[in-house]
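# Coordinates in review
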Amino acid sequence: MKAWVLRTLPWALAALVIAMALNLAIVLALPAFVMGRTLALLGPPNSMHDVARVDADYRALARPSPDLLYAICPYDVSAAPLAIAAAMPRGTYWSVAMFDSQTDNFFRRNNRQVPDGTVHFVLARKGQAGMAVPNGSTLVYTPSSKGLVLFRILIDDHADLARLDAARRTARCAPLQATGNRNSGG
Amino acid sequence: MMQFLRKALLTLVVGIILGLALTWFTVMRGTFGTVTDGPWRTSATLDHHNANPFERATTAWHRLFARNTDATVTYTAGHDSGGQALDGNCIYRITGHEPDAQWWTMTAYGPDGYLIKNKRGLYSVSKASVARRRNGTIVITAAHQRAPGNWIAVGTSHFSLTMRLYEPAPGVVADPANALMPVITRVVCP
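Residues numbered from 1 in each chain as written. Chains lettered and ligands numbered in written order. Predicted model: local features only at pLDDT ≥ 70, side-chain atom pairs only at ≥ 80, totals over all residues. Heavy atoms only, no water.

### Remarks on unusual backbone geometry
Leaving glycine aside, a negative phi is the common case for residues, and trans is the common case for peptide bonds. Note the following rule: Helix numbering and strand numbering both begin at the N terminus, where a helix is a DSSP run of H or I of at least 4 residues and a strand a DSSP run of E of at least 2.
For N46 of chain A, which is not glycine, the phi dihedral falls at a positive 65°. Its location among the elements puts N46 of chain A in the loop between α1 (2-42) and β1 (49-50). If you check the backbone angles, L180 of chain B has positive phi at about 55° while not being a glycine. Along the chain, the position of L180 of chain B falls in the loop between α3 (170-174) and β10 (183-188).

### Some words on the state of the cysteines
Residues and elements named next belong to chain B. Worth spelling out the cut-off: Any two cysteine sulfur atoms lying within 2.5 Å of each other are counted as a disulfide.
All chains considered together, the criterion is met by 2 disulfides over all chains. Note on cysteine connectivity: C90 is disulfide-linked to C189, with sulfurs 1.8 Å apart. Taking the torsion about the S-S bond as the criterion, the C90 to C189 disulfide, at about 105°, is right-handed. Of this pair, C90 sits in the loop between β3 (72-77) and β4 (91-96) while C189 sits in the segment after β10; the two residues are 99 residues apart in sequence, bridging distant segments of the chain.

### A short note on the pattern of salt bridges
Residues and elements named next belong to chain A. So the rule is basically this: In what follows, salt bridge is the name for a side-chain nitrogen of Lys or Arg lying within 4 Å of a carboxyl oxygen of Asp or Glu. Residue burial is assigned from relative accessible area. The probe radius is 1.4 Å, only protein chains are included, and a residue is buried under 20% of its type maximum, exposed over 50%, and partly exposed in between.
By the definition in use, this model includes 9 salt bridges over all chains. We note a salt bridge from D165 to R168, for which the minimum N-O separation is 2.7 Å. Highlighted residues: D165 and R168, both in helix α2 (residues 161-168), separated by 3 residues, approximately one helical turn. Taking the relative accessible area as the measure of exposure, D165 reaches 18% and is therefore buried. Taking relative accessible area as the criterion, R168 reaches 4% and is therefore assigned buried. Several salt bridges converge on common partners, so that one network encompasses D165, R168 and R169.

### Brief notes about the layout of surface pockets
Taking a probe equal in size to a water molecule and rolling it over the atoms shows the remaining empty space. All names here are of chain B. Definition in use: Definitions used for this entry: grid spacing 1 Å over protein atoms alone; cavity, a set of points where a 1.4 Å probe fits but cannot get out; pocket, an open set with protein on both sides within 12 Å along at least 5 of 7 lines; lining residue, one with an atom within 4 Å of a point. Grid points are joined across faces, edges and corners, and a volume is the space filled by probe spheres set on the points. When residues are grouped by polarity, Ala, Val, Leu, Ile, Met, Phe, Trp, Tyr, Cys and Pro land in nonpolar, Asp, Glu, Lys and Arg in charged, and all others, Gly among them, in polar.
Approximately 360 Å³ is the volume attributed to the second largest pocket. L122, Y123, S124, V125 and S129 are the residues nearest the centre of the second largest pocket, which is lined by 22 residues in total. Among the secondary structure elements, those contributing two or more residues to the lining of the second largest pocket are β6 (124-126) and β8 (150-153). With 4 residues, the top contributor of residues to the lining of the second largest pocket is β8. Partitioned by chemical class, the residues of the lining of the second largest pocket number 12 nonpolar, 7 polar and 3 charged.

### Quick notes on the sheet that holds strand β8 (residues 146-154) of chain A
Residues and elements named next belong to chain A. Test applied: One bridge is not enough; two strands pair if DSSP finds at least two bridges between them. Contacts were defined at the residue level, with two residues in contact if any of their heavy atoms lie within 4.5 Å. Angles run from 0 to 180 degrees between N-to-C directions of axes, and those axes are lines fitted to C-alpha atoms, restricted for helices to the stretch in contact.
The strand order across the open sheet formed by 5 strands is β1-β2-β8-β4-β5, and the pairing between neighbours is antiparallel. Taken across any chain shown, the strands that pair with only one partner, and hence form the sheet edges, are β1 and β5 (105-110). Here 5 bridges tie strand β4 (residues 94-100) to β5, and the two strands are oriented antiparallel to one another. In the sheet register, F99 faces β5, and the bridge partner there is N105. Packed on one face of the sheet, α1 meets β1, β2 (68-76), β4 and β8 and runs near 70° to β8. This element, α2, spans β1, β2 and β8 of the sheet and lies at about 5° to β2.

### A closer look at empty space enclosed by the protein
All names here are of chain B. Summed over the entire model, instances satisfying the criterion amount to 2 cavities of 30 Å³ or more. By volume, the second largest cavity is sized at about 40 Å³. Forming the boundary of the second largest cavity are F32, G33, S43, T45, E55, T59, R63 and R67. Across the lining of the second largest cavity, the residue classes tally to 1 nonpolar, 4 polar and 3 charged.

Right under this line is the structure:
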């Protein structure tokens, strides 16, 4: 019996090491895989994706809320920083959150922190050269070149939907030129 | 030599199976780093970008873009209060007090994590739309067929419910496991 245990133990330990290594590899790779899949579904980066009211046919985001209006900007700042702007509505909950390639939420603001709803950000990697941040913009550093900016507006009163949707449509994102001006479009 | 190779191959296979089982247990089950309030599950901690790898992976897989903050707390239930998986072939009654928040919504999702198609295009019940009892409590029916009163449409397979609390009370943020979430009761199954 003892001899059998001694013969088997190294193999059992090896199996355990393989199991833990595989588990850790999957755990470490999973967030980037999920974000990559989401970004691929959303399409080209650095422009705002117009999202109509989500319904049963909507597939870009998992578990979307039918009671939120979304504005989504997949970003890639490897070539240039990104200017982000919006005029969010008063009187309802809204938020803007930025997620890196590992799905980490590295930055967020909401209606409590920005009561007037005026949003101006410049998103960049640390050390990114040739950047002049426009006056009034908040500089935000992203841990990764790629990720996603997500605006959410709560529809607390369906009678107010037109106003809330108009606010959603003010959300913009576009590469920042070296002069500090935004490129047109987006 | 052949015996060594056979043992090595067996060890590799066992290791892979164990590794996948570990991954299911730590990530795919969706319970890592969460707390429960009856059948409702939520993240145990507020959003932060210093999550450990297991928390990050679980959130990415189950609650992408939906980490709790002091402004929003999200609960999800895939089972009723008796512990049985939610089945769209059954009828459920969701009862209790409204969550302590400025605003809340309850939404049903199919097994694929997306909204469930229904003729009326109704996907959720909210603080604004819910009809309350005289004592202030709520009763919501989750069923495939239209039900009187508050009704959430579900499909004919497994479904889950998500409650989103906006501007929750500080007590909910501090202790999400004791938010007194509604009870989910299976009324009848075919």
